[in-house]
Every structure is written in C-alpha cells, then in structure tokens.
Amino acid sequence: MAHQAPLFSRVAVIGLGLIGGSLAAAIRQHGLATTVVAADRRADELQTGLKLGVIDEAAESIAAAVKGADLVVLAVPVRAIEPVLEELRANLDPTALITDVGSTKGSFVASVRAVFGEVPANVIPGHPIAGSEKSGVSAARANLFENHKVILTPLDDHQPQALARLTALWEGCGATVLTMSVERHDEVLAATSHLPHLIAFSLVDTLAGEDDNLDIFRYAAGGFRDFTRIAASDPVMWHDIFLSNRDAVLRVIDHFNQDLEQLRQAIERQDGALLLRVFSRAKAAREHFSKMLSGQAYVTTMNQKQVTFHLSPGGSMTGDIRVPGDKSMSHRSIMLGALADGITEVEGFLEGEDSLATLQAFRDMGVTIEGPDNGYVKIHGVGIDGLQAPRGPLYLGNSGTGMRLFAGLLAAQAFDTELTGDSSLSKRPMGRVADPLRLMGAVIDTADGGRPPLRIKGGQPLKGIHYDMPMASAQVKSCLLLAGLYADGTTSVTEPAPTRDHTERMLTGFGYPVHRNGATAAVNGGGRLAATRIDVPADISSAAFFLVAASITPGADLTLRHVGINPTRTGVINILRLMGGDIELFNEREVGGEPVADIRVRQAPLKGIRIPEREVPLAIDEFPVLFIAATFAEGETVLTGAEELRVKESDRIQVMADGLAAVGVQTTVTDDGIIIPGGQSISGGTVDSHGDHRIAMSFAVASLRAEGDIKVLDCANVATSFPGFVELAAGTGIQIRAEEA
Ligand code: S3P
C-alpha cells in the first residue's frame, strides 16, 4: 500500500537490530517516509543496513541522526534508553514524535521522565509483538510486522495527532494496532511472553547442567524443541526485559511457582485426580485459546479461520436425523450445574463454540468439568458461593447469551470479573442487562454505548427488585433471575411477551423454587441448587433450517428426532403451519422438565402471511431461514414488531435483505421487520453472512431452490451453534462444500 504523501519526512531509527531494521525496511518499502536514517554504535550493522537497502542513510552519531527528524524510533535494548535519550536531547526537534519498540513500557516511561522531567505529549510508547530468535539487521524483514499486533501505550495527556500518525505508520507496515495502559501492557506481557522465555532459558540451562546432558539433548524429541525454541533468543535483550519489568514478572513467577509446587506435591502423594484436573483444564484452555488467539490475543501469527460455503443449485431433502443439542439449555446446564451442590451429569450438550466458551469460563473460575464427550458432560458443582476469581478476562466468543447470563451471575460474586467477546459480540448492547443490575446494586462498567467488555466489581451486596422489561428478552430475564439467586429478598421480572423459559424450568429442576404468575417470574435469594441429571434435547433453532429446507424442496420427506418443543420456542412451527407447511409432531414426551417430540416434515405449497406479532419472540432466532421460506411462498409475507433482530449476531433484517438482494430477491426493509413478496426465484450469487451463523445456514437452505451457484462468505461461526452442519446438510441432500482458508 504506497501512500500518496509519506507520513513522515525523516525517520531516525536509533539501534539497527532486528526490530529497528525491520521497521526501517517496512517504512521504506511502503513509502511511509521520505528518508530513513539510522544510528548504531556498531558501524558494521549500519553498513549492512545500507547494503541491504534497509536504510537510506547511516548517521555518524545519535545526535546527527535525530537532527531534522520528525519521527524518532528508539530500538535499543530497554536499559540503553536513558543514555540514548540524554545523547539525542540537544539536537531533537521539540515537535518530533518519539516512540520505542521495547518489551516493557513502565521502564521506558520512567527513562523519559528521568531525562525530560516529564513525559512530553508527543512521546508515544510502543511495542510490536513480533520478533524471532534471530537478532541483528541481517535478519531484518520488511514484512515482519504484517498481521502482527502492535501495542501502543499513550499516556493520559498524549497528543492525539501523534497517536494517529504513529498508528497510521504501523498500519502502513501491515500491523494491527491496539492501545492499552502502560501498567496493563506490562502485566499482560509478563504473563504471555516474559514468563515463557524465563522458563525456556531456565529449563535448557538446567538440562545442560545435568551430567548426562549430551544424551539428554541427543534424545530430546519434538516437544523439547518446540518448548525451548525461545531459549535461543538474545540474552542481552532478555536480561534487560526482566530487570525492567521486575514487579510484574515477579508476580507471575510466584504464581507459577505455587502451581508447579502443587503439581510436584500431587506427584509425590500420587494424587492422580489433581493431575488429571489440571491437565484437562489446561488442554481445554489451550484448545479454547487457539480460537482466541486467532481473533483476540496479543501474540498471534495465525489469521482467523475463514470458511466459505459453496452451494450448487438443487438437491433433495430426505433422511432421519438428530441435530445438535439446544444452545440455550446447554449454557444453562453448565451454569446451574457449576453452582449446584454435587455432581450434575448432562447428556446432549451442544459442543458448539458458544456453549464451550461458557464451559471454559467456569473452568477458569475453578470448576472441574469433565468432557464434553459426545455430548456427555460431568460437572463437579462448587455450590452457590464456590466460584473462584478467574485469572483474567472471561472470553465468551460470539455468545450474547453467555455474556448476558454471566453478567447476572457474576454481579454478586466476591471477586471482580471482566467479560469479553469477539468482534460481533463486542458490538452488541449490554446496557439492557447492566442497567437493571445496577438497580439491584451491581457495579458494572461497559465500553461506550453500553458495549462489551463488561467490568463487574465484586463484593457488592444485591437487593431484589421488580423489573418490567422494556423488550421481550429471555436473556435479560434470565440474567436478572440469576442475579436474584444472590440478592436480598425477591427479584421479579415481568416480560412484555412470553420468551423462552428454560431458566425458570431448569432452576426448578435443580430444586430452586421459581414463582410464576402470568408474565412475571420471581425468585427469592439465598437458596441452594441441588445437582441433577439433564437431557438436552435437539435444538429447535437448528432443526428450523431443516424444517424450512424440507418444506420448500420437491419430494422432501425428513424426520428430525428428539427436538425440544417447549411452547416458548415453537414459533417456527406455528409460522410454517400458518404458511401451509406440512409438519407432523409425534412421540411427544417430557424429558427432564422440557417437552420433546420427533418431527416429520414434507414439502408443501407455502403461502405468504402477515406474521402474528405474538409469534415473534417465539421464533426470534428462526427468522433468517423463515425469510427463505417466504421468498418461495405464494403471496406477500409481512413481518413487524421484530426490531430485536437488528441487535442479534448481525442486523438480521438488513443482512438478510442484502443477502437476498445479492441472489436477485426483492424485499422491503422496515424499521421493525421486512416485507417479502413471494413467488420469487433465487439466482446464483455471492452472499456475505457477516459472520452470522444463522444467515450462513439460511442461504445453504436457499440453494435447494436456487437457479445458480451460491457462495456464502464468512461462515466459520456456524460452529458456534451447529457443529457438523455441513456434513448433516450434505447427508440430507444439500449440495454444499465448505472451503477453509
Ligand atoms: C436466548 C435468548 C434469545 C435468543 C438467543 C438465545 C437465550 O435472545 O435470540 O439466541 O438463551 O436466552 P433474547 O432473549 O435477547 O431475545
């Protein structure tokens, strides 16, 4: 990306090693400055830099390099910063932007203060999270920062213009820029980078000192190599880092020592259970982090997995299938099981990313959870007050349900928590739960506009309230009922229309009384939950794709087994039947307090309808696929009263309308719904699902009646609610192929 006019005229890089050299090379390659000059005590490094075309000029001294520079980058070892600042001070243009690339930020700020008496507003500390165990300018690469994170730690009174220019420079080098406080940076890096380096250095040193060291290294397998790669890093740089980030590093070393000692003792007393608990928690955390690492973490070279659905037109829809477990119930089974006294066993648990994030969050709070193994999970409940403080933010992925229910459950814990999520979740409104929780006495901070992350202050006594919900939301209702378990007195919630009542039913199943009176549900605080067994039925929201698929496909005949048909969830069946759908329920039974049935669907001529508003909350997740049904129905379908669709994983009204338009279908979008003239045909085309699992699966269903190939972009999140969708869809006759990049 060449810039029109370079961002800077003269960039002075002080210290031409791997990082300084790579930044210089990237700036030159992308035309981000007119001239890049470097100073380094090692004249040979400067000569190599010139020869390799990494820099334009080699300066004779630091003072000469900074003369006339509008950007000065300090890329010397952390502990050399102060003398370098002293040296360049006299020649420095007072308007020049100063930054650094060091691994510890507190020490940089202290050095700046020591030399200038303050931190000038045009000093912006920085830290690119990139590197290699190689050092020196000859290892420099112009692409070193591409797809890597750069953390900038501006101080409170920094110059916004300086921050914007430095951000543009790093982005011009292909990096993603995040900002955080100096203190936070040093804590995070102590844990994620400094401690692992220390352990690698120490382990290799220990083994090298053993008598039979040669043999040890000779036989060392891949695990040793992987684990100790970073012990080949630059000793001088790392000795600087540890001395500079002393306090944060000491804290994390102490923590690690304690945990290592605990494992040592467990081995000594042959405590297999403890080893198993720690190892399985770590394994699960590592798997969970891989997902996090791709979108979230500070250190990453991985890109987020990109999945595209390729769909050929036509196909059939037959078979006898069971779709995965109910997402809403899966979340709740873990939450209540964790807080119960005793062991709760769950069958049919949804092994999708959303409910797995909930499971991991409880592991992070000290709950032992075995599985999931083919939908079987065993939760060792810790009791209503048994959760422990997590060591870091709880990452809830894509899951709005997770975040909102956790908000209620954590509002009254003794410890602070922070709830974070992926980019979609980070845009969703949380004021709807934070506001009423605050009325109960909770202390919760959100980002601008009531968005995540949520920071929940521990140790707050809650009092019961009555709350009239302004919107029909089971998540808000459930959040308040969960907070109500901890509140003094009664917490009651009245809903404007019936919404899913799994929380109420499951609390009852765990022996916790819930008082229901018309549109109001109430709990008294101070009770306890008794462990139980839970059989999670198949998710009607996942079955919905197949209900519509079979309804629109000539010759279709499909049976779906063990589907949850809780009346607060069956809007999709009611609506399809009103449209003329041929849906038969049989083997109706009750399993663990929830009604379940097998469902047979055959193709039927559908007609457009005005969807009754009372059905909207009962089919809230099923509208994307119902829009596909409406497209093929005879006559117009009108949806109103569904503004909630705009704040789901995507704005489901607009994103569906755009997707339909991309395959030649006309619709009229309204504030609270959509009008879909029926009898339309679907052409081929490319649809952007905006990372919304239900949009992606809806267009897979649409392909059954499409006239050309459909490509659906950004489908990785199908795994949040429906793992195995592609295989199941292909098995029943959808011509689908998923491509992963
Ligand atoms: C859910 C409630 C619904 C639904 C979501 C799951 C739940 O959200 O859309 O997928 O498990 O409580 P709202 O209650 O916000 O409408």
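Just above, that's the structure.
Below or above, wherever it landed, is the structure these notes cover. (Residues numbered from 1 in each chain as written. Predicted model: local features only at pLDDT ≥ 70, side-chain atom pairs only at ≥ 80, totals over all residues. Heavy atoms only, no water.)

1. Considering the pairing of strand β31 (residues 710-713)
- Side-chain alternation along β31 places I710 and V712 on a buried face and K711 and L713 on a face that remains uncovered.
- Across 3 bridges, the pairing between strand β10 (residues 307-315) and β31 is antiparallel. When the bridges of β31 are listed, H310 appears paired with K711.
- Bridging between strand β30 (residues 685-688) and β31 involves 4 bridges; their strand directions are parallel. Residue G685 lies in a different strand from β31, and its bridge partner there is I710.
- The parallel pair β30 and β31, bridged by helix α23 (residues 693-702), forms a crossover whose chirality is right-handed. (Buried < 20%, exposed > 50% of the residue type's maximum accessible area, 1.4 Å probe, protein only. Helix = DSSP H or I, 4+ residues; strand = E, 2+ residues; numbered from the N terminus. Pairing = 2+ DSSP bridges. Right-handed = clockwise from strand over helix to strand, strands pointing away.)

2. Description of the packing of aromatic side chains
- One pass over the full model with this rule turns up 9 aromatic pairs.
- Ring geometry for F546 against F725: centres 6.3 Å apart, planes inclined by 55 degrees, an arrangement best described as tilted. One end of the pair, F546, is in helix α19 (residues 540-552); the other, F725, is in helix α25 (residues 725-732), with 179 residues separating them in the sequence. Note on accessibility: F546 and F725 belong to one class, buried.
- Between F722 and F725, the ring centres sit 5.2 Å apart and the planes meet at 70 degrees, which makes this aromatic pair edge-to-face.
- The exposure class assigned to F722 is buried, which follows from its relative accessible area of 1%.
- On the accessibility criterion, F725 (1% relative accessible area) is buried.
- The ring centre of F632 lies 4.5 Å from the NZ or CZ of R705, which sits over that ring. (Phe/Tyr/Trp six-rings, centres within 6.5 Å; stacked < 30°, edge-to-face > 60°. Lys NZ or Arg CZ within 6 Å of the ring centre and 35° of its normal.)

3. What to know about the sheet that holds strand β8 (residues 149-152)
- Judged by pairing direction, the sheet is mixed, and its 3 strands sit side by side in the order β7-β8-β9 without closing on themselves. The open sheet has two free edges, formed respectively by β7 (126-128) and β9 (176-179), since each of these has just one partner strand. Between one strand axis and the next, the sheet turns through 20 degrees on average, direction left out of account.
- Each of β7, β8 and β9 touches helix α6 (residues 160-172); the most contacted strand, β8, lies at about 165 degrees to it. (Axes fitted to C-alpha atoms, helices over the stretch in contact; angles between N-to-C directions. Contact = heavy atoms within 4.5 Å.)

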